[in-house]
Amino acid sequence: MVRKSAKPAAEADDGGPKLRFRSPAEFFAENKNIAGFDNPGKSLYTTIRELVENGLDAAESVPVLPMIDVVVDELSISEFNKMVGINDRERLDETLYKDVETGKERKKREAKEKREAKRKKNQPSENHQEAKKQKTNPPEDTDANMQVKAESQTQPDSLMEETQASASQMSSQPAELPSQPPPSEQPSQPSQATQKGSRGDVSTLRVFVSDNGIGMAHDDVPDMLGRVLAGTKYCVKQSRGKFGLGSKMALIWSKMSTSLPVDIRTAKAGCEITHCVLDIDISKNIPNVIVHEKLPNENNWRGTEIKVTIQGSWTTYRAKILQYMRQMAVITPYAQFNFKFHSPRAEKSFEVTFSRRSDQMPPEPEEVKHHPASINQLLLKQLISNIPGKTPLVRFLTRELSNIDKPLAERLIKELGETFSPTMPISELGLNEIRILDKLLKEARFGKPKGECLSPAGEYNLRLGIMKELRPDMVATHAESADAFEGHPFIVEAGVSLGGDNVRNGLSIYRFANRIPLLFEQGNDIVTKTAQDIPWGQYKISANTDRIGVFCSIVSTKIPFKGTGKEYIGDDSLTIKQSVRKAIQSCCAQLKTKLARRAELKSRQDRSRNLKRYIPDVANAIMKFFESVKSPTVSAEYVRQMQTGVLTKEVLEKKLSQHVETSDRQNVVELGSIFGYVHEQAEFVHLAPRAETDLYSKPILLQVMPAGEGATQPPQVGIQFLESLRVDPEKPEIEKVAAEDNKVPST
Ligand SMILES: Nc1ncnc2c1ncn2[C@@H]1O[C@H](COP(=O)(O)OP(=O)(O)OP(=O)(O)O)[C@@H](O)[C@H]1O
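As a convention, each chain's residues are numbered from 1 in the sequence order in which they are written. In keeping with the predicted nature of the model, local features appear solely for residues at pLDDT of at least 70, side-chain atom pairs appear and are counted solely at 80 or more, and the whole-chain, interface and lining totals rest on all residues. Based on all heavy atoms of the structure, the side-chain values leave hydrogens and waters out of the count.

Draft legend 1. Main features of the packing of helix H2 (residues 40-60) against helix H7 (residues 246-257). Axis angles are defined between N-to-C directions and span 0 to 180 degrees, where every axis is a line fitted to C-alpha atoms and, for a helix, only to the segment in contact. Helix and strand labels come from DSSP, where a helix needs a run of H or I of at least four residues and a strand needs a run of E of at least two; each type is numbered from the N terminus. For the pair H2 and H7, interaxial distance at closest approach is 9 Å and the crossing angle is 145°. Crossing of H2 against H7: the hand is left-handed. Within the contact between the two elements, H2 uses Pro40, Ser43, Thr47, Glu50, Leu51 and Asn54 and H7 uses Gly246, Ser247, Ala250 and Trp253. All amino acids are sorted into three groups, where Ala, Val, Leu, Ile, Met, Phe, Trp, Tyr, Cys and Pro are nonpolar, Asp, Glu, Lys and Arg are charged, and the leftover types, Gly among them, are polar. Per-class residue counts for the contact of H2 with H7 are 4 nonpolar, 5 polar and 1 charged. Left-handed describes a crossing whose near helix is turned anticlockwise from the far helix by less than a right angle; the clockwise case is right-handed. By definition in these notes, contact holds between two residues if any of their heavy atoms fall within 4.5 Å.

Okay, here's the thing in structure tokens:
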């Protein structure tokens, strides 16, 4: 009898680690921070972001002007309990709860409040001293002092202004967004809706996002929204979505925090409405469908509505969420965003509309083929397996890859060696043939991928955004031509502004990647780092004391984000970095010219203001001059006018003063053309006489030269006949104004 041999020692259960498997859903549930779901507050922000961006992608793919509604409903604890069927429960032992203040905590808080109050009391004198110090010690213009808006920075005031202006309160309170009450006014007991978490107040929120986009096919809905790493955007095309993950992360977070499913209503054009309620089986990474039905679509509605109930920290992330909505409105001016927040505390509720400002949608980005420079062995195998095996190699190279035409494909195949031929079927390409082909594609020279497949925001939209966002004194924009990063085309557009409303000294960075704004980890981003390296001083801009806005929009078929949360782009993407630098520097060069011109015009304006001080003396000097000139040919007419009272000192003073004002206004027109003011508003005043009754029959230009800055001596006076109006050839718009109001004499 053969005895069953005992298990080899190595296979015995020795208590060592056991092999386990994780589904993609489990992996992302455990590592949700890499997808931007770090804590309840950030999870709320990312949930809204993912759903809004899906809506925008869906509308743009129709294409139709996007209309995005976002409603965040804060549920009271009772409301939530009712929803899930739990009875409200009285607390028996209050001291068990984290949100109830202990005696020690109360003492600590009271001491802190006392300190705060004392500090506030002393503040006026401190402020005064600080101001005095700043006056005497202006900060040095060093890179170390350069300020970059940190992510911890509070919402810019301009946002508050705008939000307040357009917020229509749902409560009877004045139109003002409710702000967080000071700590001393906060209840020590949890509110009806919130519980204290380690990261601020955590409450249950129902997030509803709807769009007028392309909608989803009935059968696809469960997989699209209930299977991690499933989507329609895995192709070489510019889009906000890429990973097939975002909406599923929202679902996973809802599963982790409230255990409630996601509710979807969607319809494609001319189709019935799909209503689907689904959950996700995390361990199997498959949708767990609760409802999947078709409903009549009487109004022929098209779009998608998604409702998800999650925990989140509204109070901590409210500013970021509104900042996000606002920046989306800036970079997507052709979209309309309606944002509502409902709370059981009516005074906290509000709604904001970020109106559409342009009907001009950028062209829809095109899907393109892989560029040879983006190829690797795995991708080659995938491409080969996607098409029939009998496809000849030459056709594979020309049809499946971009930037290879037939002659180039034939040259490449020749270069591969004798075992390759243009007609060989791709099924004959073994592992080594693929290795050889991959090596050659990496080493050969190819044209850059074309940027036509991309849809940049456009300098116009960028400028519109900057003007609206910052209302700057001066702005310059520039679009770099398309370049490629690892075989993916990209385009960088930049804008640099100076001054503006509520802009702090130093650098304020606004970065958009495929029209997604960057609100977190800004310090690590390629644009921030590049902007910090710009030698601002060379452009007569102080990175320390000037208020500089740097806007940068990057579009690409692949943005090299450092995480699936699509936040920052590392500055190791060298070709992108170079383009960003060049684009910012081009803006700086434009600003330098404008600054120099502004300084020149400003000094001209100052000079003409100074001239006015000398007008009485000048008038006196001219009168004396005519009185003393004996030659009748020069002065007979003037002497006659003086005798008849036409030419008096007062008339001269008036004329001189008019002339100074005229040249002042000219400066205003020129300044206007530099800063982009509307020319129709500028008044052009002629130097020529307007009527025969005027003092002189020919236009005259009086040149009054002060002796110098702060001179006490009377100025020199000269008189010239003006033959024609001098027009700056660099400023044709001024010429146009003059020509339109063409009372300028031809003589
Ligand atoms: N509002 C919507 N309208 C139409 N289709 C949608 C909508 N939301 C999601 N989808 C479809 O579901 C797919 C999965 O969406 P999901 O948010 O999970 O990932 P994604 O947008 O493809 O990529 P990413 O994770 O980078 O955001 C999308 O590719 C899209 O086809």
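From this point, things continue past the structure.
Draft legend 2. Spatial organisation of the pairing of strand E13 (residues 506-513). A 1.4 Å probe rolled over the protein chains alone gives each residue an accessible area, and that area as a share of the maximum for its type sets the label: buried under 20%, exposed over 50%, partly exposed in between. Counting buried positions along E13 gives 8 out of 8 residues, so the element sits mostly inside the fold. Two strands are counted as paired when DSSP detects at least two bridges linking them. Pairing analysis gives 8 bridges linking E13 to strand E15 (residues 547-556), with the strands arranged parallel. Paired with Ser508 across the two strands is Gly549, which belongs to E15. The pairing of E13 with strand E14 (residues 516-517) spans 2 bridges and is classified as antiparallel. Across the sheet, residue Ala513 finds its bridge partner in E14, namely Ile516. Hairpin connection between E13 and E14: a loop of 2 residues separates the two successive antiparallel strands, and Asn514 in this loop has a positive phi of roughly 45°.

Draft legend 3. Main features of the packing of aromatic side chains. Any pair of Phe, Tyr and Trp rings, taking the six-membered ring for Trp, is counted once the centres come within 6.5 Å. Such a pair is stacked with planes under 30 degrees apart, edge-to-face with planes over 60 apart, and tilted for the rest. Overall, the coordinates contain 10 aromatic pairs when judged by the stated rule. Considering the side-chain rings of Trp314 and Phe350, the 6.2 Å spacing of their centres and the 35° angle between planes classify their relative orientation as tilted. Note that Trp314 is positioned in helix H8 (residues 314-331) and Phe350 in strand E9 (residues 350-354), a separation of 36 residues in sequence. Exposure class is identical for Trp314 and Phe350. Each is buried. An angle of 25° between the planes, with centres 6.2 Å apart, marks the rings of Phe339 and Phe350 as stacked. Here Phe339, found in strand E8 (residues 336-342), pairs with Phe350, found in strand E9; they are 11 residues apart in sequence, far enough to count as distant. You can call Phe350 buried: its relative accessible area is 0%. Chaining the aromatic ring pairs together yields one cluster made of Tyr45, Tyr317, Tyr324 and Phe520. Lysine and arginine charges are scored as sitting over a ring when NZ or CZ, respectively, is within 6 Å of the ring centre and within 35 degrees of the ring normal. Above the face of the Trp301 ring, Arg265 is positioned so that its terminal group lies 5.2 Å from the ring centre.

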